[in-house]
Amino acid sequence: MYSIESHVGRLIEVRFWSPVGDGEASGWRRDHDAMLQSVVGNYIVFVDMSDANVFPPDMVEAYVATMRNEPRLLRAALVLSASPTLSLQIQRILRDAFHPQRRAFREVREAENFLGDVVTLPERARLREVIERRAEQAAPISAQPVSVGIPQSAGTPPSLRGPVSARQPTPATVRIPITPRSPSGGHSEG
């Protein structure tokens, strides 16, 4: 499963968590392209993979394809999980979609420092907020609420559920909520 959001400026926040299922690749491409179209000019990406274990082959191909088609990317930091399989996959993806300003990290603070040279003050504050919330709650970033008014799916694992935020999104906020679908097209049960 995944989410892709932009709350402040040029900073795009991407989250992947297990299970990343077969069939999510086409949705990923569509949502990724829509997000990039919503950001004016160059952009910066923070990717949280700390809850992901492995990508299915079609998702690997989709991720490489989207990474190869990012001419406006300034910098991307990918925070990896402890999964050795995912680490190997991401190393291969980064190699195949070569971009010198896209790097993987095990430590979230290293990722923050890497992005620190190119983010604006509001973007830095948002990045710090995401990282601090993660540390305070000792929960994965993906456990944080997407927004007010978007109910968390009953199919969302308990470890990924967070409290509903009372903060209203700013007019510049762009969110593309992702709802897992079953092969029949209906909502999944878990």
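### Digging into helix α1 (residues 25–38)
Counting along an α-helix, one turn takes 3.6 residues, and residues three or four places apart therefore face a common direction. Here α1 contains 14 residues, and its C-alpha end-to-end distance of 20 Å stays within 8% of the 20 Å for a straight helix at 1.5 Å per residue. For α1, the full list of buried residues reads A25, G27, W28, D31, H32, M35 and L36. Buried residues along α1 cover an arc of 155° about the axis, so they all sit on one side. For α1, exposure combined with an orientation more than 90 degrees from the buried face picks out S26, R30 and Q37.

### Some words on the pattern of salt bridges
Following the criterion strictly, the structure yields 13 salt bridges and no others. Residue E123 pairs with R10 through a salt bridge whose shortest N-O separation is 2.9 Å. Within this pair, whereas E123 is found in helix α5 (residues 121–137), its partner R10 is found in the loop between β1 (2–8) and β2 (11–17), the two being separated by 113 residues in sequence. Taking the shortest distance from any N to any O, the salt bridge between R128 and E112 comes out at 2.8 Å. Pair noted here: R128 is in helix α5 and E112 is in helix α4 (residues 108–116), with a separation of 16 residues, a long-range link. Within the structure, one salt-bridge network assembled from shared partners comprises E5, E13, R15, R126 and E129.

### Details of the confidence of the model for the chain
This prediction gives the chain a mean pLDDT of 76; 71% of its residues lie at or above 70. Note that pLDDT drops below 50 for residues 138–174; the model gives that stretch 57 contacts with residues more than four away or on any other chain. In the model, residues 184–190 has pLDDT below 50 throughout and makes nine contacts with residues more than four positions away in sequence or in other chains.

### Side note on the nonpolar core
Core analysis: the biggest nonpolar cluster contains 32 residues, and F16, M49, F55, Y63 and I90 have the highest contact counts within it. Of all the elements, helix α2 (residues 57–68) adds the most residues to this core, at six residues. Residues in contact with F55, not counting those within four places in the same chain, are F16, V20, M49, V60, Y63, L86, Q89, I90 and I93.

### Remarks on the packing of aromatic side chains
For the structure shown, the criterion picks out eight aromatic pairs. For the pair F16 and F55, a centre-to-centre distance of 5.0 Å together with 55° between the ring planes defines the contact as tilted. Here F16, found in strand β2, pairs with F55, found in the loop between β3 (43–51) and α2; they are 39 residues apart in sequence, far enough to count as distant. Accessibility classification places F16 together with F55 in one group, the buried group. The cationic tip of R75 hangs over the ring face of F114; the distance from NZ or CZ to the ring centre is 4.5 Å.

Cut-offs applied
Residues numbered from 1 in each chain as written. Predicted model: local features only at pLDDT ≥ 70, side-chain atom pairs only at ≥ 80, totals over all residues. Heavy atoms only, no water. Helix = DSSP H or I, 4+ residues; strand = E, 2+ residues; numbered from the N terminus. Expected span 1.5 Å × (residues − 1). Buried < 20%, exposed > 50% of the residue type's maximum accessible area, 1.4 Å probe, protein only. Arc of directions from axis to C-beta. Salt bridge = Lys/Arg side-chain N within 4 Å of Asp/Glu carboxyl O. pLDDT = per-residue confidence, 0-100. Contact = heavy atoms within 4.5 Å. Core = buried A, V, L, I, M, F, W, Y, C linked by side-chain atoms within 4.5 Å. Phe/Tyr/Trp six-rings, centres within 6.5 Å; stacked < 30°, edge-to-face > 60°. Lys NZ or Arg CZ within 6 Å of the ring centre and 35° of its normal.

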